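# Summary of the model geometry
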Amino acid sequence: LAQAIGSSNRSVCAGRLHHIEQERRLPTVHTMSTLDSMPGDNLALHICTFLAWTGGVAAITWFICRNYMGHSSNASDEYFAGGRSLKWYVCAGSLMLTNLSTEQLVGLNGSVFADGCLAGIWWEAGAALAMIVTATVFLPKYFALGLTTTSGFLGERYDLTLRTMVSVIFLIYYALVLCPLVLYTGALAIRDIFDLNVPLWVVSSTIGLLGAAYALFGGLKAVAVSDCLNGIGLLVAGLWVPIAALQVLPGGMMSLFEEGSSYLQPLVATSMILTEKDGTFVRESGVPSVPWHVTLTGLALTNMYYWSTNQVIVQRVLAAESLSNGQKGVLFAAMMKVIGFTMLCLPGIIGMMMVREGVVVNGKVFEVGKPDEVYPHLVKAVMPKWSLGFFSAVLLGSVLSTFNSALNSAATIFGLEIYKIYMNREATDEKVIKVATIFGASMTLLSFVIAPQLAHVGAIFTFLQRMNAIVSLPIVTVFFVGIATSLPDAFSAKVGFAVAAVAVGAGQFVPELQFLHLFFIGFVLAASAMALMTYVPAVRRVLCQEPKPSPYECTKTGVVDMTPWGPMYLVAGAVVVLLAMLVVSLQLASFWLFVAFWCVWFVAMGWMMWGKTTTSAPKVAGDLEASKEKADGAEEITPSSANGSADTE
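In what follows, the accompanying structure is described. The model shown is predicted, which means the values in this text are computed figures rather than measured ones. (Residues numbered from 1 in each chain as written. Predicted model: local features only at pLDDT ≥ 70, side-chain atom pairs only at ≥ 80, totals over all residues. Heavy atoms only, no water.)

## Considerations on the overall build of the protein
When its secondary structure is counted, the protein shows 27 helices and four strands. The long-range share in the protein, meaning contacts at least 24 apart out of those at least 6 apart in sequence, stands at 83%. In the structure as shown, the protein presents an accessible area of about 23400 Å², 67% of it carried by carbon and sulfur atoms. (Helix = DSSP H or I, 4+ residues; strand = E, 2+ residues; numbered from the N terminus. Contact = heavy atoms within 4.5 Å. Areas by Shrake-Rupley, 256 points an atom, 1.4 Å probe, with all protein chains shown as cover.)

As structure tokens, then:
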């Protein structure tokens, strides 16, 4: 279907693009100095606007946290879960900015530029489907257990061993992949925009120190509030870039739907991808990073891992003051994800058309050396010079958000899942916070060392998604089965976990297998192994297990108000309809259907924001302690419970 729709337009445009780019031969390396360098007269202005925004966010964050946020008498809950006092809009803002950082702005736009089409939109708009599942299915389970970490669910549902295995995997991934990657992409973007003649490690280390200050000394509450403030600025700046870029594109917006119609298609099996041959980049027919046939299989599962089980993301929602606030926050973020392609994908398409048309900006022909450079190049080419200080400050805010969120989550996991359980079960809350802070500082230093080494990685976003797939397959399997069914026990889960790990490891030796296909195949194999170990008594007897596992029953009632958000399913349906309208309008390159999509989106967003939520009074001394006793089985697990269901202290 994807190949049939608009195939004639695609072939004409693709042939023209291939011919032009073979003649032009993009250079292997192209620095920002080929465009107008930043005027020295504006340097003081850039520094002032940069410091004003960054310092203003810090000051307002401190003021709001001190005077307007609820506080908990439990030091651990206050530091790791924000005192469970976050409103829906704080949850939504923190979710969006934690997800939206330079590895998305730089990496996803670069991936779209390399694909030659909007196949990469499924990482952004397609994530809204996974967020609906998070709000409707996962959050009620998590809130009922009063969790602070997602791995705590595995301790309650299965046993301590599996909980610890997943916690360790999260820690290794955050330390070796996520934190260094965020620092590297942030440093690369800021250095290129400002034409800084300094080593990359200096910029990345400076960013890391600022992020660590928020995460390690302010706790989750400071992280979430600063995310919201930076999110407002990033929304303005992020939309500014494609709008400004369309002004220099011959034909403006209409040229996207007329001359670049094949570039807008999100459902394709092949496209004119950018490949390197003999030191030059040319376009030739190939498979894009997200072919249409993986969108509802491997990609959907990867998105579910990220939005439903990943501690960095879910921790923000677990700090909501009620289930209603958490669900509304997630669905608001899902509505924003549907239009996120305007910031994270559209600039890559516009940059590709500017290269094709040979657009001249500031007296220079716009060119891109490698895919991951398209966004920084576009920013410097189309943004007013006086705005670069503000834009860089906002960009820094997005980097800090993801970095300090990962640090805070890693510190939370280490403090509550490793130190408190295995090293010092009698430790006070203050002691756990201190140890977690030291661990976070150590992880920051490790990120400083690893970040500059990522300069040797080709496509940053593809690298990130491959690492996500490798790490997440065993995790999403046991989570998904544990949420969907009540019968599989800890033994079945460990078998499924092992099968998933072996499948994803073996798949790395089959390079021709698309990694999202590998993800789905591994999931099916692992889930089948869990079913075999659960529902075939003969197999269980051979392996010295009880013939039939006991069904799991959740007896917890949560530590906050558990009333679901009333319009939840109506909003979820609206998100699905909007996503369908967007995909069809882009696939058919229909300008008026695209306009209709935006009209419906604004109406739906306005209606949603007026929907009321159920709130609970801020926890005060004694209240939180009493309610937390209901959830101790999920959060206080002793090593002796490793071979069965989680025991309470």
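More follows now that the structure is in view.
## A word on the packing of helix α5 (residues 102–115) against helix α16 (residues 346–357)
The interhelical angle for the contact between α5 and α16, taken along N-to-C directions, is 45°, at an axis separation of 7 Å. Between α5 and α16, the angle falls in the class oblique. Between α5 and α16 lies a crossing of right-handed hand. In contact with N109, V112 and F113 of α5, α16 contributes L346, P347, G348, I349, G351, M352 and V355. (Axes fitted to C-alpha atoms, helices over the stretch in contact; angles between N-to-C directions. Parallel < 35°, antiparallel > 145°, perpendicular 65-115°, else oblique. Left-handed = near helix turned anticlockwise from the far one by under 90°.)

## What to know about the side chain of R157
Residue position: R157 is located in helix α8 (residues 151–157). Despite being buried, R157 has no salt bridge partner; D489 is the closest side chain of opposite charge, sitting 7.4 Å away. In this structure the side chain of R157 is engaged in a polar contact, spanning 3.2 Å, whose partner is the backbone oxygen of T485. At 2.9 Å, the side chain of R157 and the backbone oxygen of P488 are in polar contact. With residues up to four places along the chain from it excluded, the contact list for R157 reads G482, T485, S486, L487, P488 and Y552. (Buried < 20%, exposed > 50% of the residue type's maximum accessible area, 1.4 Å probe, protein only. Lys, Arg positive; Asp, Glu negative; His and termini not counted. Salt bridge = Lys/Arg side-chain N within 4 Å of Asp/Glu carboxyl O. Polar contact = N/O pair within 3.5 Å; in protein donor to acceptor, adjacent residues only side chain to side chain.)

## So, the packing of helix α12 (residues 298–309) against helix α13 (residues 311–318)
Between α12 and α13, the shortest axis-to-axis distance is 6 Å and the interhelical angle comes to 40°. In terms of their interaxial angle, α12 and α13 are classed as oblique. Of the residues in α13, those in contact with Y306, W307, S308 and T309 of α12 are Q311, I313 and V314.

## With respect to the layout of surface pockets
Picture a little ball the size of a water molecule; that probe, rolled over the atoms, points out where space is still empty. In this structure, the second largest pocket occupies an estimated 740 Å³ of space. Around the second largest pocket, the lining is made up of 32 residues, and of these L235, L239, M336, I339 and M343 lie nearest the centre. Taken together, the elements giving at least two residues each to the lining of the second largest pocket come down to α4 (88–99), α10 (200–248), α14 (323–338), α15 (341–344) and α25 (591–609). (1 Å grid on protein atoms, 1.4 Å probe; cavity = no way out; pocket = protein on both sides within 12 Å on 5 of 7 lines; lining within 4 Å. Points joined across faces, edges and corners; volume = space filled by probe spheres on them.)

## Notes on empty space enclosed by the protein
Inspection of the entire model under this criterion finds 10 cavities of 30 Å³ or more. Estimated volume of the largest cavity: approximately 230 Å³. Together, 20 residues line the largest cavity, and N99, Q104, Y306, Q465 and N468 are the ones closest to its centre. Breaking the lining of the largest cavity down by element, the ones donating at least two residues are α4, α5, α6 (121–124), α9 (160–194), α12 and α20 (460–484).

## Focus on the nonpolar core
Generally speaking, a soluble globular protein has its nonpolar side chains buried in company with each other. The biggest cluster of nonpolar side chains holds 191 residues, and the ones touching the most others in it are Y142, Y158, Y174, I207, L256 and L582. Here this core gets 18 residues from one element, more than from any other, and that element is α9. For L582, the residues in contact, after removing those within four places along its chain, are I121, A125, V338, F341, F594 and F597. (Core = buried A, V, L, I, M, F, W, Y, C linked by side-chain atoms within 4.5 Å.)

## Re unusual backbone geometry
With phi around 60°, C544 is a residue other than glycine that occupies positive phi space. When you line up the elements, C544 lands in the loop between α23 (537–542) and α24 (568–587).

## Looking at α12
Under the 1.5 Å per step criterion, the end-to-end length of α12 is 16 Å for 12 residues, consistent within 8% with the ideal 16 Å. Inspection of α12 places G298, L299, L301, T302, N303, M304, Y305, Y306, W307, S308 and T309 among the buried residues, and these make up the whole buried set. (Expected span 1.5 Å × (residues − 1).)

## Comments concerning a nonpolar patch on the surface
The grouping of V168, I172, L176 and L446 at the surface amounts to a nonpolar patch, some 320 Å² of accessible area in total. No other element matches α9, which puts three residues into the nonpolar patch. With respect to the secondary-structure elements, I172 resides in helix α9. (Patch = residues over 30% accessible without salt bridge, like charges linked within 9 Å, V, L, I, M, F, W, Y side chains within 5 Å.)

## Notes on the pattern of salt bridges
Within this structure, the stated rule accounts for six salt bridges. Note that E321 and K87 form a salt bridge whose closest N and O atoms lie 3.0 Å from each other. Separated by 234 residues along the polypeptide, E321 in the loop between α13 and α14 and K87 in the loop between α3 (75–81) and α4 bring together distant segments of the chain. Across the pair K494 and D159 runs a salt bridge whose closest N-O atoms are separated by 2.7 Å.

## Things to note about the packing of aromatic side chains
Under the counting rule described, the total for this entry stands at 20 aromatic pairs. Geometrically, the ring pair formed by F257 and F594 is tilted, given 5.3 Å between the ring centres and 55° between the ring planes. Of the two residues, F257 is situated in helix α11 (residues 252–258) and F594 in helix α25; the sequence distance between them amounts to 337 residues. Neither F257 nor F594 differs from the other in exposure class; each is buried. (Phe/Tyr/Trp six-rings, centres within 6.5 Å; stacked < 30°, edge-to-face > 60°.)

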